[in-house]
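Structural features, examined
This is what each chain is made of:
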Amino acid sequence: MAAVRDTTPRVAIMSAFDAEWQALRAATAITRTEVVNNRSYHFGRLRGHDVVLLLSGFSMVNAAMTTQALLDRVPVRAIVFSGIAGGVNPGLNVGDVTVPAQWGNYQEQLFARETPQGFVPSRTTTAFGGYGMMFPQGTSVTARHAPPDSLERRFWFPVDSLALGIARTIAGRFTLKRCVQADRCLDHTPKLVVGGNGVSGPTFVDNAAYREWVWRTFRADALDMESSAVAVVAYENRVPFIAFRSLSDLAGGNEAPNEARIFGRLASENSAAVVMAFLDALPREAFARARDR
């Protein structure tokens, strides 16, 4: 197990896979790289902040494992996640960047028993309705201000209020990209949307009916495969967290084949552009005592 010797408080910039953070890594003045559990930690400066850049890996287990390993080794002031997502809100389009105010693990589920009266869950821990036999449950976390090993279930995990407020201030300051190439452009100018809900789970969604249920049930702007896992780890460790997710596709909500292969790079670059604008607006002293809480 690698021992990273770093005493500088840093903003952690995370993405799920390489294409999502190419623009961020290219803009960072990297001073050194260390490898932990075969994942590279790139230390340096970005937009005036001491940062550490790393990939979380795909999906919930990898994202949670990588986040905790990072927090065990580096004094992290805050976690900023940048990446792509599937669009759920019918009012949003491919290329839009979402910054949800809270994240939920929507595929923590109970598979209900089927009876002549329909699917009947043996227990419920949320008020959300099910999708067929699948009923969303809260995520089990340690209870604060309680004896050790006390647990409670939560569904929503809020992002940091200061970070969200700063994200609101940058809306409208710049124009997001709409073209991958000169002949491959969106028919609209993408926008930045701050607030609302996001959900995460270990499945890639490309299904119109399921997408409609997610919107109806959670009023989620976006769904992805990592953000709520990082949000849970950040919550448990009392580390500020915020995620910027640009829509690469509509999670099955359009008639054409999934757009992610066409507009994934554009979405990644739009997310990175918003993250860099966020860092420009983030005070240098922000979150200075985050790890002491």
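Figured I'd write up the structure that's included with this text. Keep in mind that this is a model prediction, so the values were computed, not measured. (Residues numbered from 1 in each chain as written. Predicted model: local features only at pLDDT ≥ 70, side-chain atom pairs only at ≥ 80, totals over all residues. Heavy atoms only, no water.)

Notes on the overall build of the chain
A tally of regular secondary structure across the chain gives six helices and 20 strands. Over its C-alpha atoms, taken along the principal directions, the chain stretches across nearly 65 × 60 × 35 Å. Counting over 293 residues, the chain shows a buried share of 52%. Sequence separation of at least 24 residues holds for 75% of the intrachain contacts in the chain that already meet a minimum separation of 6. Here the chain holds 31 positive side-chain charges and 27 negative ones, and the gap between their average locations is 4 Å. (Helix = DSSP H or I, 4+ residues; strand = E, 2+ residues; numbered from the N terminus. Buried < 20%, exposed > 50% of the residue type's maximum accessible area, 1.4 Å probe, protein only. Contact = heavy atoms within 4.5 Å. Lys, Arg positive; Asp, Glu negative; His and termini not counted. Charge placed at Lys NZ, Arg CZ, Asp CG, Glu CD.)

Focus on the packing of aromatic side chains
Aromatic rings in a pair are described by how distant their centres are and how their planes are angled relative to each other. Summed over all chains, the structure comprises 15 aromatic pairs. With centroids separated by 4.8 Å and ring planes inclined at 65 degrees, the aromatic side chains of phenylalanine 128 and phenylalanine 218 adopt a geometry described as edge-to-face. Of this pair, phenylalanine 128 sits in the loop between strand 10 (118–120) and strand 11 (134–136) while phenylalanine 218 sits in helix 4 (residues 208–218); the two residues are 90 residues apart in sequence, bridging distant segments of the chain. Looking at phenylalanine 128, the relative accessible area reads 22%, which means it is partly exposed. On the accessibility criterion, phenylalanine 218 (3% relative accessible area) is buried. Ring centres of phenylalanine 157 and tyrosine 235 lie 5.3 Å apart, and the angle between their planes is 75 degrees; on these two criteria the pair is classed as edge-to-face. (Phe/Tyr/Trp six-rings, centres within 6.5 Å; stacked < 30°, edge-to-face > 60°.)

So, helix 2 (residues 59–73)
In this model helix 2 runs 22 Å from its N-terminal to its C-terminal C-alpha over 15 residues, within 8% of the 21 Å that 1.5 Å per residue would give. Turning to helix 2, its buried residues number three or more, namely Ser59, Met60, Ala63, Thr66, Thr67, Ala69, Leu70, Leu71 and Arg73. (Expected span 1.5 Å × (residues − 1).)

A closer look at the nonpolar core
Ranked by internal contacts, the top residues of the largest apolar core, which has 64 residues, are Tyr41, Ile79, Phe241, Ile242, Phe244 and Phe278. Beyond its immediate sequence surroundings of up to four residues, phenylalanine 241 is in contact with Ile79, Phe81, Trp103, Val159, Asp160, Ser227, Val230, Ala231 and Ala234. Among the nonpolar cores identified, the runner-up in size contains 14 residues, and Trp213, Val214, Ala220 and Ala251 belong to it. (Core = buried A, V, L, I, M, F, W, Y, C linked by side-chain atoms within 4.5 Å.)

Remarks on the side chain of threonine 139
Relative to the helices and strands, threonine 139 is located in strand 12 (residues 139–142). Its relative accessible area of 9% is what places threonine 139 among the buried residues. Residues in contact with threonine 139, not counting those within four places in the same chain, are Asn105, Glu108, Glu152, Arg153, Arg154, Phe157 and Val232.

Topic: the pairing of strand 2 (residues 29–36)
Relative to strand 3 (residues 39–46), strand 2 runs antiparallel, the two being bridged by seven bridges. The residue of strand 3 that forms the bridge with isoleucine 30 is glycine 44. Hairpin connection between strand 2 and strand 3: a loop of two residues separates the two successive antiparallel strands, and asparagine 37 in this loop has a positive phi of roughly 50 degrees. (Pairing = 2+ DSSP bridges.)

Considerations on the pairing of strand 12
Here strand 12 shows one buried face, formed by Thr139 and Val141, and one open face, formed by Ser140 and Thr142. Pairing analysis gives four bridges linking strand 12 to strand 13 (residues 151–154), with the strands arranged antiparallel. If you follow serine 140 over to strand 13, its bridge partner there is arginine 153.

Details of the layout of surface pockets
Counted as a void, the second largest pocket has a volume near 230 Å³. Element by element, the count of residues in the lining of the second largest pocket is highest for helix 5 (residues 227–237), at three residues. Across the lining of the second largest pocket, the residue classes break down as eight nonpolar, no polar and four charged. (1 Å grid on protein atoms, 1.4 Å probe; cavity = no way out; pocket = protein on both sides within 12 Å on 5 of 7 lines; lining within 4 Å. Points joined across faces, edges and corners; volume = space filled by probe spheres on them. Nonpolar A, V, L, I, M, F, W, Y, C, P; charged D, E, K, R; others polar.)

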